[in-house]
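Examining the three-dimensional arrangement
Single-letter residue listing:
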Amino acid sequence: MDKVMARLEGLVAHYEELQEMMADPEVISDTSRYMEISKEEADLREVVQKYKQYKSDQQDIKDNNEIISTETDADLVEMAKEENSELEKEVAELEDQIKILMLPKDPNDDKDIIMEIRGAAGGDEASLFAGDLLRMYEKYAEQQGWKISLVDSEETEVGGYKRVAVMITGDKVYSKLKYENGAHRVQRIPVTESQGRVHTSTATVAVMPEYEQVDIELDPKDIRVDVYRASGAGGQHINKTSSAVRMTHLPTGIVVAMQDQRSQQQNREKAMQILKSRVYDFYESQNRDQYDAERKSAVGTGDRSERIRTYNYPQNRVTDHRIGLTLNKLDRIMNGELNEIIDALILYNQTKQLEELADNA
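Remember, it's a predicted structure, so these values are computed and weren't measured experimentally. (Residues numbered from 1 in each chain as written. Predicted model: local features only at pLDDT ≥ 70, side-chain atom pairs only at ≥ 80, totals over all residues. Heavy atoms only, no water.)

In this section: the overall build of the chain. Summing up its helical and strand segments, the chain has 10 helices and 11 strands in all. Taking as baseline every contact in the chain between residues at least 6 positions apart, the subset at least 24 positions apart corresponds to 61%. (Helix = DSSP H or I, 4+ residues; strand = E, 2+ residues; numbered from the N terminus. Contact = heavy atoms within 4.5 Å.)

Turning our eyes to something else, we now look at the nonpolar core. Core analysis: the largest hydrophobic core is formed by 34 residues, its most contacted members being M115, I117, L133, Y137, L177 and Y311. Counting residues per element, the ones that place at least two in this core are β1 (113–119), α5 (123–144), β3 (161–169), α6 (173–177), β5 (199–209), α9 (330–333) and α10 (339–360). In terms of residue count, the dominant contributor to this core is α5 (eight residues). Contact partners of M115, with chain neighbours within four places excluded, come to Y137, V164, A165, V166, L177, V205, A206 and V207. Counting 20 residues, the second largest nonpolar core, distinct from the first, contains M22, V47, V91 and M102. (Core = buried A, V, L, I, M, F, W, Y, C linked by side-chain atoms within 4.5 Å. Buried < 20%, exposed > 50% of the residue type's maximum accessible area, 1.4 Å probe, protein only.)

Right, let's talk about the sheet that holds strand β8 (residues 254–258) for a bit. Two modes of strand pairing occur in sheets, parallel and antiparallel, and in both the strands are linked by backbone hydrogen bonds. Pairing within the open sheet is antiparallel, and its three strands lie in the order β6-β7-β8. Edge positions in the open sheet fall to β6 (223–228) and β8, since each of these has one partner strand only. Across this sheet, the average inter-strand angle for adjacent strands is 15°, counted without regard to direction. Sheet topology places strand β7 (residues 244–249) next to β8; five bridges connect them, and they run antiparallel. Paired with R246 across the bridge in β8 is A257. (Pairing = 2+ DSSP bridges. Axes fitted to C-alpha atoms, helices over the stretch in contact; angles between N-to-C directions.)

So, on to the pairing of strand β2 (residues 147–155). Bridge count for β2 against β3 is eight bridges, and the pairing is antiparallel. Paired with E154 across the two strands is R163, which belongs to β3. The turn joining β2 and β3, which pair antiparallel and follow one another in sequence, is formed by five residues; a positive phi near 100° is taken by G159.

Moving on, we come to a negative patch on the surface. A contiguous patch of negative charge, built from E71, D73, D75, E78, E82, E86, E90, E93 and D96, is present on the exposed surface. Along the polypeptide, E93 turns up in helix α4 (residues 74–101). (Patch = residues over 30% accessible without salt bridge, like charges linked within 9 Å, V, L, I, M, F, W, Y side chains within 5 Å. Areas by Shrake-Rupley, 256 points an atom, 1.4 Å probe, with all protein chains shown as cover. Salt bridge = Lys/Arg side-chain N within 4 Å of Asp/Glu carboxyl O. Lys, Arg positive; Asp, Glu negative; His and termini not counted. Charge placed at Lys NZ, Arg CZ, Asp CG, Glu CD.)

Turning to unusual backbone geometry, a few remarks are in order. Positive phi outside glycine occurs at K172, with the angle close to 55°. For K172, the location among the structural elements is in the loop between β3 and α6. K172 gets classed as partly exposed once you look at its relative accessible area, which sits at 36%. We note that N316 has phi near 50°; this positive angle belongs to a residue other than glycine. By the element assignment, N316 lies in the loop between β9 (307–312) and β10 (317–320).

The subject of this paragraph is the confidence of the model for the chain. When pLDDT drops low, the exact placement of atoms in the prediction is not to be read closely. Per-residue pLDDT for the chain has a mean of 82; in total, 84% of the residues score no lower than 70. Confidence over residues 232–239 falls short of pLDDT 50; this stretch has 10 contacts with residues more than four positions distant or in other chains. (pLDDT = per-residue confidence, 0-100.)

Moving on, we get to the environment of Y140. Mapped onto the elements, Y140 comes out in helix α5. Taking the relative accessible area as the measure of exposure, Y140 reaches 0% and is therefore buried. C-alpha separation for the pair Y140 and G336, spaced 196 residues apart in sequence, amounts to 4.2 Å.

We now examine a nonpolar patch on the surface. A cluster of nonpolar side chains, I67, L76 and M79, forms an exposed patch at the surface whose accessible area comes to about 260 Å². Within the fold, M79 resides in helix α4.

The next thing to look at is the pattern of salt bridges. One pass over the full model with this rule turns up 17 salt bridges. The residue E340 makes a salt bridge to K329 at a minimum N-O spacing of 2.9 Å. Here E340, found in helix α10, pairs with K329, found in the loop between β11 (325–327) and α9; they are 11 residues apart in sequence, far enough to count as distant. What makes K329 partly exposed here is its relative accessible area of 21%.

Here it is in structure tokens:
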């Protein structure tokens, strides 16, 4: 904790500098710089406040100890002891909170996301489950006060999704939904099952930082663009012109096809949005694989093929395999009540980070 406290003194000094800068007329007149400084000040505010409270409590404990050792009035001594008992509990809690706030932050945590859900093993049932997962995340997003909008989709005849991509915007979306990366398994009786047998199917979820906030520029020379006539629903206009767009990122081989919009320009813009996020995610995944190999993180790599969770309908049970958490409230979870799972994953990840810091101290 001593090393953490030494760092905190520097943070407090920097925080006070930021506050002074925010009152500087030159900074105020520069909107982009003011916004950047305001964000940094806001990010530091909580840890600085808790550290100041921690120091205040420590000083109060010291003052009370002096009363206890020198005061002859028994009532005053008893009051000082009682106050110290409460203060020591608060100090211990503040220490834990400060340690967590000082953990290295994921640079993507504040970003909005593009989420892709794909039906995997299980045919029609997998596509139906992909639709169920989409509705679960829609309800969770609504509860969080986030906005969710459809980017791209490919529906199946039975009413599910072969694939669907949505954009979710709001406060710290990636920090909560990044743990959803991976394969989700469902065990239930499909609507098409006449014998009443439980089947197992899977759908995969990919969570990528939202394109506008991604720190990546794609070289136009690395992108091949093909245009063609759209097919399927869309009316006469969409089929008369070459409005559909296919973009291929040559270095990675990633392909994005878009035909949902009326004009070629709109399809180009949408395709570029998704291509940027997929390319960014591709390179980030490579970095994560190396990082996780070094950390041996038990939370998992977030690999698409990694089975992270099972949804068992007959027993109303959800199990997150990464942390061994089982909840018998599948109905509520599918209704968007994901906080208990996500909070447990965040806590587990923080605990592992704290253990690593202690081992390296």
